[in-house]
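Examining the three-dimensional arrangement
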Amino acid sequence: MKLNKLYIAFLMIAMSLVWGCSDYEDTVKPSPTKLEGCQGVYFPTSNKALFELEPNDAKEITLTVSRVAKTGSVEVPLTVETNTEDVFDVPAKVTFAAGETEASFKVTFPDAGEGVAYQLKIAVVGDEFVNPYGSAKSYVSTAISRVKWEKLDDPFIYVDGAFSALFGVSSYPMYVEVEEAKLEGSMRYRFKNAYDVPTGDADADGIFDGYPYNDPGDFDEANDYYTIIEISDPKGVSGDAVMVGHEIGVAWSDYGMISIGSLPDKPGKVKNGTITFAEGDLFFSMANYNDGAAYGSGAPTVIYTTKEAFIKANLKIEDYNAVEYEIVAGEVSEYWSKGLNDNWSQTIAKAVDADPENEASEYKDLYYLANLYTEDSGLGLAFYYPEGGKVLIPESQPTGMQVYGEDVFVSQSKDIKSTVVVTKKGVTEYTLGLKFHYEDGTVVGEFAELFYHAKSMPSYEVSDFVGSYVMTGEALLQNRDNANMEVEITEGTEANTLVITGIDVTDKVVATFDPATSLMSIAPQAVADVSYQGTFVDATFLTFDGQSESTTAKIDMKLNMGGQIVLAPATEAIGYLIYTADLGGYFDGFALIEFSPVEGSKAAATSSYVMSPEVQSAISWSEETPAQPGHNFKVQGKINPKSLNNEAVPVIF
């Protein structure tokens, strides 16, 4: 009942409002209608809202207009609604040819100045052209800004790291003249002809005025090439940095024009007056090499905005032999040189950082092998190794050696990879790819030199000695060749025993293994009878202690870092003799024996039982006349810094 009364009350109020407005006239405006044949003209979103143009760019832009209709040709008038300082010349109309749904037109601005943002708004009006219900805009708003470059008084210092990916060259600093442009929300720098040929040597701070690896003719002097870097900070002191991909004006050999620039999503960083593109942030490509494939930079590229920043970040090491180092302790520390055909105990040391607050200090991750190739010369080998990173060996380090009367230097090889790995025994194995050369660049050898280091001596198991080897040794009998036998070492049937097969005049030789010392020992022992001139005679494996045969002394042998089984330092015996009591002489015998592993595996070797021409009763050997190892050097061509690094892999973006 109450609800009905409320309803009647509201109805009476509504009626009274109608009766009170008897002079009301309905003036509702009808909705616009789409004219039949309307072209449906609009400006697509592909038109840029801002055009930033270099001073040398053409003073024109191209805009696009579209239509929905597809039939017939039509001319569409353009209405200019905004034109800063009337700088823009806009065509009065744009024409769509029959069947076309998109047309372009040019806008010019011949009198536009630098450093000014000019606004432009163009519209299409008229029912025959614009669909009132269309969702796309019938106008376009844009702006142009001709970048205003201002030359800075002082140069930047540019340290290239992009070339190292393909050519493996060191990075050197070079001065670059700088212009800057202050943009809305960012700062832009550009360097003109950064990779030009230098006019001379580096200055007192080690800085060149061009790219030091370029020779006359390597750079295109007929044109200018700009390196442009944009920083996401209007003051240019922090944030991200992007290097615009560009040709640098350099073409080495037949590789074609070189281009460098930032890889997608890998901006550089700006901090403390330094622009840093980390390793892999930039790409490097050559037009005629591998179809112009891009390669990630092999080292950081660093740009210092002041010389003070460069000097602070680069307390340059002039002489690696004069740096203060601290010995890295280790029970294992051996160097194996293929260049010298020799190995020796060798200490390793790490540099004391003279610039610890500087992240880019040259003293960080610097290691040193003192007096490496010549004793007491004060000349060693320095190399950088950040843990988990790449090995970098500074160029042209003196060794103190002479080959064919010329001083020898070492640099990093481009073809032999330098690596650091830790073996399953906990030994750090350094492979140092070294190029040996004269001061003028003449190469005399290129080798993978090995250095082994471990804090403690690794322990071995009997199974570590199992494998295929070549046994060598010096002949103990007259007119006999030195030993060079393929042998096989297998585990014996009894615990901690080894069986060696393949030693001439024996069926097998049994050795024992001591887990406490990790040594393999070979004791004097009877071996199988030997067929000699139609009959069998006895044979005994005697050991040789350096002076005479022994029936008690053992040959103690160890595994070295190179996987060889060599004489242990405290061994009682250094070789063996195969003796026959029936004939009162020796069949065979060798001193200074060792076993070198062979690649792959082979079937177990067996003795051929081939007899010597005669049984000898006397030993003929002098410890004072061992064979001396010789070097593997020979004069070759000169170092070519423009040769490719075969290990570079292209990136895809």
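Notes on the structure follow. (Residues numbered from 1 in each chain as written. Predicted model: local features only at pLDDT ≥ 70, side-chain atom pairs only at ≥ 80, totals over all residues. Heavy atoms only, no water.)

Some words on the packing of aromatic side chains
Counted by the stated rule, this structure contains 41 aromatic pairs. Taken together, a centroid distance of 5.9 Å and an interplanar angle of 40° make the contact between Phe-163 and Tyr-195 tilted. With Phe-163 in the loop between strand S10 (156–159) and helix H2 (164–167) and Tyr-195 in the loop between strand S13 (186–192) and strand S14 (226–231), this residue pair connects regions lying 32 residues apart in the sequence. For the pair shown, Phe-163 and Tyr-195 are each scored as buried. Looking at Lys-121, its charged tip hangs above the ring of Tyr-139, at a distance of 4.4 Å from the centre. In this arrangement the basic side chain of Arg-190 is found over the ring face of Tyr-226, its NZ or CZ atom lying 4.3 Å from the centre. (Phe/Tyr/Trp six-rings, centres within 6.5 Å; stacked < 30°, edge-to-face > 60°. Helix = DSSP H or I, 4+ residues; strand = E, 2+ residues; numbered from the N terminus. Buried < 20%, exposed > 50% of the residue type's maximum accessible area, 1.4 Å probe, protein only. Lys NZ or Arg CZ within 6 Å of the ring centre and 35° of its normal.)

A closer look at the nonpolar core
One broad trend across soluble globular proteins is that nonpolar side chains are buried collectively. Core analysis: the biggest nonpolar cluster contains 53 residues, and Met-520, Tyr-576 and Phe-595 have the highest contact counts within it. When residues in this core are grouped by element, the largest group, six residues, is from strand S45 (residues 585–597). Listed in part, the 40 residues of the second largest apolar core include Leu-166, Val-178, Phe-191 and Val-270. (Core = buried A, V, L, I, M, F, W, Y, C linked by side-chain atoms within 4.5 Å.)

Structural notes on the sheet that holds strand S23 (residues 325–327)
Neighbouring strands of a sheet are bound in pairs by backbone hydrogen bonds; such pairs are parallel or else antiparallel. Across the sheet, four strands lie side by side as S23-S26-S27-S28; this open sheet has antiparallel pairing. With partners counted over all chains shown, the strands left at the sheet margins are S23 and strand S28 (381–384), one partner each. Each strand of the sheet is rotated relative to its neighbour by a mean of 30°, with strand direction disregarded. Relative to strand S27 (residues 366–369), strand S26 (residues 349–351) runs antiparallel, the two sharing two bridges. Looking at the pairing, Ala-349 lines up with Tyr-368 of S27. (Pairing = 2+ DSSP bridges. Axes fitted to C-alpha atoms, helices over the stretch in contact; angles between N-to-C directions.)

Here's the deal with the environment of Lys-48
Here Lys-48 lies in the loop between helix H1 (2–19) and strand S1 (50–53). Of the residues examined, Lys-48 reaches a relative accessible area of 45% and is grouped as partly exposed. Separated by 16 residues in sequence, Lys-48 and Thr-64 place their C-alpha atoms 9.9 Å apart. Setting aside its immediate chain neighbours within four residues, Lys-48 contacts Ser-141 and Thr-142. (Contact = heavy atoms within 4.5 Å.)

What to know about the pattern of salt bridges
Proximity of charged atoms lets side chains of opposite charge pair with each other. Scanning the model with the defined rule gives 18 salt bridges in all. Salt-bridge contacts for Lys-121 lead to Glu-81; the nearest nitrogen and oxygen are separated by 3.4 Å. Taken together, the residues Lys-121 in strand S7 (residues 117–123) and Glu-81 in strand S4 (residues 79–83) connect sequence positions 40 residues apart. On the basis of relative accessible area, Lys-121 is assigned to the partly exposed category, the value being 24%. Take Glu-81: its relative accessible area is 44%, and that puts it in the partly exposed class. The residue Lys-364 makes a salt bridge to Asp-353 at a minimum N-O spacing of 2.8 Å. Taken as a pair, Lys-364 in the loop between S26 and S27 and Asp-353 in the loop between S26 and S27 lie far apart in primary sequence, eleven residues in all. Through salt bridges with shared partners, a single ionic network connects Glu-52, Glu-54, Glu-179, Arg-188, Arg-190 and Glu-230. (Salt bridge = Lys/Arg side-chain N within 4 Å of Asp/Glu carboxyl O.)

Let's talk about unusual backbone geometry
Across the chain, the bulk of peptide bonds are trans and the bulk of non-glycine residues have phi less than zero. With a phi close to 55°, Ser-253 is a non-glycine residue in the positive phi region. Its location among the elements puts Ser-253 in the loop between strand S16 (246–251) and strand S17 (257–262). One non-glycine residue, Asn-272, lies in the positive phi region at around 50°. In this fold, Asn-272 is placed in the loop between strand S18 (268–271) and strand S19 (274–277). Judged by its relative accessible area of 65%, Asn-272 is exposed.

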